[in-house]
Amino acid sequence: MATLRALECLVAVLDFGSVTEAAARLHMSQPALSHQLAALEREIGTPVVERLPRGVRATAAGRAIVTDARAALAAAERVVTTGRAVAAGAQGQLRIACAESLTAGLLAPVLRGWWRRHPDVHVTLDEMSSADALSELVRAGTADLGIGPRPTHWDGHLEVIGREEIAAALAAADTAKPLTLNEIAAEPVVHYHPDNGLGAWLDDIAADRGVTLTAATRTKQANTAAQLAAAGLGTALVPTSALSATFPGVVRSLRPPIFRDVVCLTTTPNDPLVQRFQHEVRKRGVPVPAAIAAQLTPQR
């Protein structure tokens, strides 16, 4: 296959009409340039330039291929330019998978700042209700970066960016004290659809503490569970990231407290766009609205 260097030599020779001048412009020796032309001619099976007493000119084959040679060189230059732009964070595509409970509180502010600084980087977003489903997108190469709870199984790059508290959301409470799982399990709860991995995780924790959570209703999304709880359908156990500052119900900590890690997953940790975005997420951390934090009991 013809090399880009050979095509560059052909274009330079035809542009300047001289092997000597072309070699000088390309910072090559004349023998080296002639070697490149000879290799090209062997590849296509016919001469591409005709040697004249003074200079050279294209043969029929040379005239036929020079346009494509110029296009190939231009395409190669675009490859380098685009690659450098992506490395600098100026262009490219970034595919993100995020736990749905983290989209509004964590990801939206990060994306807003990212789009201001990197307007030519196209970002796509998949929201998932299961940490394991999220990790599968990253493992399969469908997403470049996954942001959510720690999955059950993961053997790629993982960085913990924070942790969030699991709180009880309900319509009203008689006390500001933390609630135990025994107290919560005494009544049916707003629970989660099997597609949401949070439900099975909470059931395991409840079982470890000797109680069973009985579902009054189920939903796939944590923020919906919180709203249903605020409407009086029961208590919901929700990550604080799913609670907005305008949440209409009340929030209580659990005793003993329950926390979960929030992590970034990727199989391409050296990708410059992934590195930059992960840095922004890490800098943001896992925020809790002040109105929600004020209702929680500080955990020592």
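What you see is a predicted model, and the numbers here were worked out from it, not measured in a lab.

What counts, and where the lines are drawn
- Residues numbered from 1 in each chain as written.
- Predicted model: local features only at pLDDT ≥ 70, side-chain atom pairs only at ≥ 80, totals over all residues.
- Heavy atoms only, no water.
- Buried < 20%, exposed > 50% of the residue type's maximum accessible area, 1.4 Å probe, protein only.
- Helix = DSSP H or I, 4+ residues; strand = E, 2+ residues; numbered from the N terminus.
- Pairing = 2+ DSSP bridges.
- UniProt positions renumbered as here; feature names shortened; annotations may be inferred.
- Expected span 1.5 Å × (residues − 1).
- Contact = heavy atoms within 4.5 Å.
- Domains from an automatic or database assignment.
- Buried area = accessible area lost by both parts, 1.4 Å probe.
- Salt bridge = Lys/Arg side-chain N within 4 Å of Asp/Glu carboxyl O.
- Polar contact = N/O pair within 3.5 Å; in protein donor to acceptor, adjacent residues only side chain to side chain.
- Right-handed = clockwise from strand over helix to strand, strands pointing away.
- Axes fitted to C-alpha atoms, helices over the stretch in contact; angles between N-to-C directions.
- Parallel < 35°, antiparallel > 145°, perpendicular 65-115°, else oblique.
- Left-handed = near helix turned anticlockwise from the far one by under 90°.
- Nonpolar A, V, L, I, M, F, W, Y, C, P; charged D, E, K, R; others polar.

J.: Can you lay out the pairing of strand β11 (residues 258-266) for me, pointing to particular residues and giving the numbers?
T.: Of all nine residues in β11, seven are buried; the element is thus mostly enclosed. Looking at chain direction, strand β5 (residues 145-149) and β11 are connected through four bridges and run antiparallel. Paired with Gly-148 across the bridge in β11 is Val-263. The pairing of strand β6 (residues 157-170) with β11 spans nine bridges and is classified as antiparallel. Note on β11: the bridge partner recorded for His-157 is Thr-266.

J.: Quick one: what's the story with the UniProt feature "domain: HTH lysR-type" (unreviewed entry) in the chain, residue by residue and with numbers?
T.: Here, the residues flagged by UniProt with the feature "domain: HTH lysR-type" (unreviewed entry) are residues 1-59. Helix and strand shares over residues 1-59 are 59% and 10% respectively, and the end C-alpha atoms of the span are 20 Å apart.

J.: Give me the lowdown on helix α5 (residues 103-117), citing residues and values where you can.
T.: An ideal rise of 1.5 Å per residue puts 21 Å on 15 residues; α5 measures up with 20 Å between its terminal C-alpha atoms. Looking at the buried positions of α5, the neighbouring elements they touch are β3 (92-99), β4 (121-128), β5, β6 and α10 (272-284).

J.: Which residues make up the domain arrangement of the chain, and what are the values?
T.: Interface size, as often reported, equals the accessible area lost upon joining of the parts. For the chain, the assigned domains read domain 1 (4-69), domain 2 (76-162 + 262-290) and domain 3 (164-261). Measuring from the centre of the C-alpha atoms in domain 2 to the corresponding centre in domain 3 gives 28 Å. In this complex, domain 2 contributes 15 residues to the contact, which on the side of domain 3 involves 17 residues. Of the roughly 1100 Å² buried between domain 2 and domain 3, counting both surfaces, carbon and sulfur atoms make up 50%. By the criterion of area lost to domain 3, the three top residues of domain 2 are Glu-100, Ser-101 and Ser-129, representing 40% of everything that side buries. Our enumeration of links across domain 2 and domain 3 arrives at one salt bridge. Here domain 2 and domain 3 share six residue pairs in polar contact (both at pLDDT 80 or more) between them. Elements represented by at least two residues in the side of domain 2 that touches domain 3 include exactly β5, β6 and β11.

J.: Give a detailed account of the pairing of strand β7 (residues 189-192), specifying residues and quantitative values.
T.: Side-chain direction in a regular strand flips from residue to residue, so the side chains alternate between the two faces of the sheet. Here β7 shows no split at all, with Val-189 and His-191 on one side and Val-190 and Tyr-192 on the other all buried. When β7 meets strand β8 (residues 215-219), the two strands line up parallel, connected through four bridges. Within β8, the position partnered with Val-189 by the bridge is Ala-215. Crossover handedness for the path β7 to helix α8 (residues 197-208) to β8: right-handed. Pairing geometry for β7 and strand β9 (residues 235-239), over two bridges, is parallel. Across the sheet, the residue bridging to Val-189 is Thr-235, located in β9.

J.: A description of the packing of α5 against α10 should follow, citing residues and the corresponding values.
T.: Two quantities define a packed helix pair, namely the angle between the axes and the distance from one axis to the other. Two numbers describe how α5 lies on α10: the axes approach to 10 Å, and their chain directions differ by 130 degrees. The orientation of α5 relative to α10 falls into the category oblique. Judged by the twist between their axes, the crossing of α5 over α10 is right-handed. Contacts between α5 and α10 pair Gly-105, Leu-106, Leu-107, Pro-109, Val-110, Leu-111, Trp-114 and Arg-117 from the former with Leu-273, Arg-276, Phe-277, Glu-280, Val-281 and Arg-284 from the latter. Within the contact of α5 with α10, the residues separate by chemical class into nine nonpolar, one polar and four charged.

J.: Go over the side chain of Asn-196 with me, naming the residues and quoting the values.
T.: Tracing the backbone through its elements, the reader meets Asn-196 in the loop between β7 and α8. A distance of 2.7 Å separates a polar atom in the side chain of Asn-196 from the backbone oxygen of Lys-220. Contacts of Asn-196, omitting those with residues within four sequence positions, involve Glu-100, Ser-129, Lys-220, Gln-221 and Ala-222.

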